[in-house]
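Now for the letters of each chain:
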Amino acid sequence: MSRRRCAAYDGGVTPAPATRTPASAVHARPVALGLLLVVAAVWGFHWVVVKQGLAYMPPFTYGTLRLLTGLVTVVAILAVQRRLRMPPRADLPIIGSVGVGQVAAGVVIMNLALQAVPAGRSSVLVYSTPLWTALLLWLVFRTPPRRAELVGLVLGITGIAALVNPSVIDWAMPAELVGTLGLLAQAILWGVVAIHIRRHRWTASPLDLQPWILLTALVPVVILTLLLESGQAVRWEPATVLILAYSGVLATAFANWANQSATRSLGPMAASLGFLLAPVVGLVAGAVVLHESLGPIDIAGFVLVLGGIAAASLTAPSPADAEREPRPVA
């Protein structure tokens, strides 16, 4: 059975699935590498942006405005390209899975957790998705991990245990503990969706389906906003507009396209290596911009988790897998 690797992801949009694409649609390597680095930086720094944005907007309202901004941007891009069309019936399950399980849940959990959990810690915990994907494949689909994946699981879970132990997190503070557990649940949920993404037989491309994925994600977030934050005001300042532009246009619309383009051009292994920069950027940005403190246990835990992610996501496929492994497409 071929086991496709999934690049790390911040929750705004769907990673590229495995489908065939003509060589003419692939970017030159320098361009693809540039896109990869930009996406890793955008997604990594986004944790700091959201942390600051929550000072201007309630969490569900922020999520609604972010998704709406991203949806409008994607619709405009596809309309100009004359690619805006109804989704194929065969792709409705993946639209629902990614839209609700990955995008909507990711935005909601991210915005709620960042009210209590440091941005750097949050980015590292969420990007542990490859660890949980390997574990789910092992437990549910009886696909045993390769040696490097097993090493990654041991390293990553040891690091996570270090990051949630009572000497690092005050368990008497429910908000931080619940937020941390919520971020881990988000990473596990993304692992479930990642398995669906790689097993789904895509009819349309992810870019063509993106408006419907974002629209599907927008519906539950709007309902939560109306139910829980009706009447709560947004501080409309220049910073608010810049934050929404970053979250909606850059981190949601642009980064999704760039992610798919870079992965398609470089292949999933190289792209996974590049996306390991995202939690590093998030960790450094949290320390530099937000002055989040890093103790010895924090640093050890971060190193273990990042090492585990690297081992789990960068395992070279076997020759049999490589022969069956098509290149991702945007």
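On a predicted model such as this, the values are computed, not experimentally measured, just so you know. (Residues numbered from 1 in each chain as written. Predicted model: local features only at pLDDT ≥ 70, side-chain atom pairs only at ≥ 80, totals over all residues. Heavy atoms only, no water.)

1. Describing the overall build of the protein chain
Scanning the protein chain from terminus to terminus reveals 13 helices and zero strands. Within the span of the protein chain, comprising 330 residues, buried residues form 56% of the whole. (Helix = DSSP H or I, 4+ residues; strand = E, 2+ residues; numbered from the N terminus. Buried < 20%, exposed > 50% of the residue type's maximum accessible area, 1.4 Å probe, protein only.)

2. Topic: the environment of Leu-183
Position of Leu-183 relative to the elements: it lies in helix H7 (residues 174-199). Overall, Leu-183 belongs to the buried group, its relative accessible area being 0%. If sequence neighbours within four positions are ignored, Leu-183 has contacts with Trp-47, Ile-109, Ala-113, Val-117, Ser-122, Leu-125 and Val-126. (Contact = heavy atoms within 4.5 Å.)

3. Concerning the nonpolar core
Of all hydrophobic cores here, the largest spans 49 residues; its most connected members are Trp-47, Met-57, Tyr-62, Leu-114, Ile-160, Leu-183 and Ile-309. The greatest single-element share of this core, amounting to eight residues, is contributed by helix H1 (residues 29-53). Within the second largest apolar cluster, 24 residues are counted, among which are Val-74, Leu-78, Ile-197 and Leu-218. (Core = buried A, V, L, I, M, F, W, Y, C linked by side-chain atoms within 4.5 Å.)

4. Here's the deal with the packing of helix H4 (residues 119-126) against H7
At a minimum axis distance of 8 Å, the contact between H4 and H7 shows a crossing angle of 30°. On the basis of the axis angle, H4 is roughly parallel to H7. Relative to H7, the crossing made by H4 is right-handed. Contact residues: Ser-122, Leu-125 and Val-126 in H4; Thr-180, Leu-183, Leu-184, Gln-186, Ala-187 and Trp-190 in H7. Considered class by class, the residues forming the contact of H4 with H7 number six nonpolar, three polar and no charged. (Axes fitted to C-alpha atoms, helices over the stretch in contact; angles between N-to-C directions. Parallel < 35°, antiparallel > 145°, perpendicular 65-115°, else oblique. Left-handed = near helix turned anticlockwise from the far one by under 90°. Nonpolar A, V, L, I, M, F, W, Y, C, P; charged D, E, K, R; others polar.)

5. What to know about the pattern of salt bridges
Across all of its chains, the model carries four salt bridges by this definition. In this structure, the salt-bridge partner of Asp-208 is Arg-85, at a minimum N-O distance of 3.7 Å. Of the two residues, Asp-208 is situated in helix H8 (residues 206-228) and Arg-85 in the loop between helix H2 (59-80) and helix H3 (92-113); the sequence distance between them amounts to 123 residues. A relative accessible area of 13% means that Asp-208 is categorised as buried. Each of the salt bridges in this network shares a partner with another, and the network as a whole consists of Arg-83, Arg-85 and Asp-208. (Salt bridge = Lys/Arg side-chain N within 4 Å of Asp/Glu carboxyl O.)

6. Some points on unusual backbone geometry
Phi is positive for Arg-142, which is not a glycine, with a value near 55°. Checked against the element boundaries, Arg-142 lands in the loop between helix H5 (129-141) and helix H6 (147-163). The backbone of His-291 sits at a positive phi, close to 55°, despite the residue not being glycine. As for its placement among the helices and strands, His-291 is situated in the loop between helix H11 (277-289) and helix H12 (296-313). Since its relative accessible area comes to 66%, His-291 is described here as exposed.

7. Observations concerning the packing of H4 against H11
The geometry of H4 relative to H11 is characterised by a closest axis approach of 7 Å and an angle of 165° between their N-to-C directions. Between H4 and H11, the interaxial angle falls into the category roughly antiparallel. You can see that H4 and H11 cross each other, and the crossing is left-handed. Across the interface between the two elements, Gly-120, Ser-123 and Val-124 from H4 touch Pro-279, Gly-282 and Leu-283 from H11. Here the contact of H4 with H11 is composed, by residue class, of three nonpolar, three polar and no charged.

8. What to know about the packing of aromatic side chains
Given two aromatic rings, their pairing is described by the distance between the two centres and the angle made by the two planes. Enumeration over the complete set of coordinates arrives at one aromatic pair. Considering the side-chain rings of Phe-45 and Tyr-246, the 6.2 Å spacing of their centres and the 55° angle between planes classify their relative orientation as tilted. Taken as a pair, Phe-45 in helix H1 and Tyr-246 in helix H9 (residues 238-266) lie far apart in primary sequence, 201 residues in all. Exposure remark for Phe-45: the relative accessible area of 29% places this residue in the partly exposed category. For the cation-ring pair, Arg-199 lies above Phe-141, with the distance from its terminal atom to the ring centre recorded as 4.1 Å. (Phe/Tyr/Trp six-rings, centres within 6.5 Å; stacked < 30°, edge-to-face > 60°. Lys NZ or Arg CZ within 6 Å of the ring centre and 35° of its normal.)

9. Digging into a nonpolar patch on the surface
On the surface, a cluster of nonpolar side chains totalling about 450 Å² of accessible area is made up of Trp-138, Leu-139, Val-140, Phe-141 and Leu-150. Top element by residues in the nonpolar patch is H5. It accounts for four residues. Looking at the element boundaries, Trp-138 is found in helix H5. (Patch = residues over 30% accessible without salt bridge, like charges linked within 9 Å, V, L, I, M, F, W, Y side chains within 5 Å. Areas by Shrake-Rupley, 256 points an atom, 1.4 Å probe, with all protein chains shown as cover.)

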